[in-house]
Amino acid sequence: MPGSSEAKRDAFEKEALPHLDAVYRVALRLSANEDQAQDLVQETMLKAFTYSDSYEAGTNGRAWLFQICKNSMINNTRRRKREQVL
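Residues numbered from 1 in each chain as written. Predicted model: local features only at pLDDT ≥ 70, side-chain atom pairs only at ≥ 80, totals over all residues. Heavy atoms only, no water.

Asker: Where do I start with the overall build of the protein chain in this structure?
Answerer: Regarding its fold elements, the protein chain presents 4 helices and 0 strands. In sequence order, the protein chain lays out its α and β elements as α-α-α-α. Considered along the principal axes of its C-alpha atoms, the protein chain spans approximately 50 × 25 × 20 Å. Scored against the burial criterion, the 86 residues of the protein chain give a buried share of 27%. Within the protein chain, contacts between residues at least 6 apart in sequence are counted, and of these 63% link residues at least 24 apart. For the protein chain, the exposed surface amounts to about 6300 Å²; the carbon and sulfur share of it is 52%. (Helix = DSSP H or I, 4+ residues; strand = E, 2+ residues; numbered from the N terminus. Buried < 20%, exposed > 50% of the residue type's maximum accessible area, 1.4 Å probe, protein only. Contact = heavy atoms within 4.5 Å. Areas by Shrake-Rupley, 256 points an atom, 1.4 Å probe, with all protein chains shown as cover.)

Asker: Just checking my understanding: could you explain the pattern of salt bridges for this structure?
Answerer: One side chain can pair with another of opposite charge once the charged atoms of both are near each other. Within this structure, the stated rule accounts for 3 salt bridges. Two residues, E13 and R9, come together in a salt bridge whose shortest N-O distance is 3.5 Å. In this pair, E13 and R9 are both assigned in helix α1 (residues 4–16), 4 residues apart and thus about one turn of the helix distant. A relative accessible area of 39% places R9 in the partly exposed class. (Salt bridge = Lys/Arg side-chain N within 4 Å of Asp/Glu carboxyl O.)

Structural data, given as C-alpha cells:
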C-alpha cells in the first residue's frame, strides 16, 4: 500500500519524538556515560520504530519508550558480561 511506510513514520514521529529528551535523560542516568547514553537512545528509538506496530495508540508512549530503553540497557550489560567471561 503506497504511503503506508510514510504514515507509519509520521505516526511514530508524532508519538515518540516529543519524548526524545526524556529518553536521553533516562539513558544517561542508566549508563552514566554520554556516549553510551547516545547509543542507547539511538537503539531505543530504532527498536521503538521497528516494533511500533505493537504500540497501542492512547497508551503511555513515554513509559513505553522508557521500558525499551531500560530493557536495552539490561541486555547490553548482560552481553558485555558474557563477552568478558568468554
